[in-house]
Amino acid sequence: MNYETPTRPAGEANDGRHPGRGAGESAPLQGRAYFLQNRDWASVTAVNRGLCARGGAQHGPNQEAYEAVARDWEDWRKSELRFEELLDLLRECHQRAPFLFFNGNTFGEIGRTLATAVFADLAIVRRKEASSAVAHYITGVLDRDLMVTVLRDLGQSAHFVQGARVRSLRGSLHGVITRLLDDGRVAFRADGASSDIISLPENLLPED
């Protein structure tokens, strides 16, 4: 079932081009869409039910919050939202805890699914990192500024040159580009290493 609605990034021209933005450089937090139009509250409850079954926990409503969050959710389904607004609402739902267990996992999984669609034009490894950052924000692991930075960096198209400093997507390696290979891959030498690592460019980010 398709739960996603294509986004219309803020500032997009009628022909789909982004004024003043290079190709592949979109981080669509400002994109607007009816993200929840095709996802009713019953589908949210089904996600929680499945997570509880797999986790061996009791599925059920938190009587103090369930009905209120359900009503708000149905209102949000009628609203065109910016993607960043959607993430804030999903984080709010997690904090309000309409279910007995796995609230963070429930709304984090919904955010992950929607982010996978929003960032569909990224290489798969970057798309996974973007959806992971979104889920971590919703569940409270990442703060807003760090999430925005991660999504911005992942959305940038890098044009590497020899001698440029780079880092791996998760920041575990930092180094310098030593060669640009004919097949499109790049060789970089991690700080403190004595040999090069060959990598696809989408697995690296320029280091500020």
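Residues numbered from 1 in each chain as written. Predicted model: local features only at pLDDT ≥ 70, side-chain atom pairs only at ≥ 80, totals over all residues. Heavy atoms only, no water.

**Quick notes on the pattern of salt bridges**
What counts here: Any carboxyl oxygen of Asp or Glu that lies within 4 Å of a side-chain nitrogen of Lys or Arg is treated as forming a salt bridge with it. Three labels apply to residues, based on accessible area from a 1.4 Å probe with only protein chains included: buried if under 20% of the type maximum, exposed if over 50%, partly exposed otherwise in between.
Evaluated as defined, the whole model comprises 15 salt bridges. Between Glu-84 and Arg-82 there is a salt bridge whose closest N-O contact spans 3.1 Å. Arg-82 sits in the partly exposed class, given a relative accessible area of 26%. Between Arg-189 and Asp-196 there is a salt bridge, with its nearest N and O atoms 2.9 Å apart. Here Arg-189 falls in the partly exposed class, since its relative accessible area comes to 35%. Each member of the salt-bridge network shares a partner with another, and the members are Arg-82, Glu-84, Glu-85, Asp-88 and Arg-144.

**A look at the packing of helix α5 (residues 124-138) against helix α6 (residues 144-155)**
The criterion, for reference: In this description, a line fitted to the C-alpha atoms serves as the axis of each element, helices being fitted only across the stretch in contact, and the angle between N-to-C directions of two axes falls anywhere from 0 to 180 degrees. Helix numbers and strand numbers start at the N terminus; a helix is a DSSP run of H or I with at least 4 residues, a strand a run of E with at least 2. For classification purposes, angles smaller than 35 degrees are called roughly parallel, those larger than 145 roughly antiparallel, those between 65 and 115 roughly perpendicular, and all remaining angles oblique. Residues are treated as being in contact if the distance between any of their heavy atoms lies within 4.5 Å.
Packing of α5 against α6 brings their axes to within 10 Å, and their N-to-C directions diverge by 170°. In terms of orientation, α5 and α6 fall into the roughly antiparallel class. Facing α5, whose interface residues are Arg-126, Glu-129, Ala-130, Ala-133, Val-134 and Tyr-137, α6 presents Arg-144, Met-147, Val-150, Leu-151, Asp-153 and Leu-154.

**Describing helix α3 (residues 83-96)**
The condition is simple: Expected span, for any helix, means 1.5 Å times one less than how many residues it has.
Between its terminal C-alpha atoms α3 stretches 20 Å, which fits the 20 Å expected from 14 residues at 1.5 Å a residue. Of all the residues in α3, the buried ones are Phe-83, Glu-84, Leu-86, Leu-87, Leu-89, Leu-90, Arg-91 and Cys-93. Of the surrounding elements, those touching the buried residues of α3 are α2 (66-76), β2 (81-82), α4 (103-118), α5 and α6. Two residues or fewer after α3 comes Ala-97, characterised by a positive phi angle close to 55°.

**A closer look at the confidence of the model for the chain**
How we decide: A residue's pLDDT is the confidence the predictor assigns to it, expressed on a 0 to 100 scale.
On average, residues of the chain score 84 in pLDDT, and 86% of them are at 70 or above. Low confidence marks residues 1-27, where pLDDT is under 50. Its contacts with residues over four positions away, or in another chain, come to 47 contacts.

**Things to note about the layout of surface pockets**
Our working rule: Cavity means a closed set of points on a 1 Å grid over the protein atoms alone, one where a 1.4 Å probe fits but cannot get out, pocket means an open set with protein on both sides within 12 Å along at least 5 of 7 lines, and lining means a residue has an atom within 4 Å of a point. Grid points are joined across faces, edges and corners, and a volume is the space filled by probe spheres set on the points. Residues are grouped as follows: Ala, Val, Leu, Ile, Met, Phe, Trp, Tyr, Cys and Pro are nonpolar; Asp, Glu, Lys and Arg are charged; every other residue, Gly included, is polar.
Its boundaries defined by the atoms lining it, the largest pocket holds a volume of some 300 Å³. Glu-129, Ala-133, Val-150, Leu-169 and Arg-170 are, among the 15 residues lining the largest pocket, the residues nearest its centre. The set of elements that each furnish at least two residues to the lining of the largest pocket consists of α5 and α6. In terms of residue count, the dominant contributor to the lining of the largest pocket is α6 (five residues). Each residue belonging to the lining of the largest pocket can be placed in one class, and the counts come to seven nonpolar, four polar and four charged.

**Side note on the packing of aromatic side chains**
Inclusion rule: Any two rings among Phe, Tyr and Trp, with Trp reduced to its six-membered ring, count as a pair given centres within 6.5 Å; such a pair is stacked if its planes are under 30 degrees apart, edge-to-face if over 60, and tilted if neither. To sit over a ring, a charge needs its Lys NZ or Arg CZ within 6 Å of the ring centre and within 35 degrees of the ring normal.
What the rule picks out here adds up to ten aromatic pairs. Summarising the aromatic geometry, the rings of Trp-41 and Phe-99 are spaced 5.6 Å apart at their centres and angled 5° between planes, so their arrangement reads as stacked. With Trp-41 in helix α1 (residues 41-55) and Phe-99 in the loop between α3 and α4, the pair connects residues that are 58 residues apart, well separated along the chain. The pair Trp-41 / Phe-99 is uniform in exposure class, with both members buried. Three or more aromatic residues joined by ring pairs make a cluster, and in this case those are Trp-41, Tyr-66, Trp-73, Trp-76, Phe-99 and Phe-107. For the cation-ring pair, Arg-91 lies above Tyr-137, with the distance from its terminal atom to the ring centre recorded as 4.5 Å.

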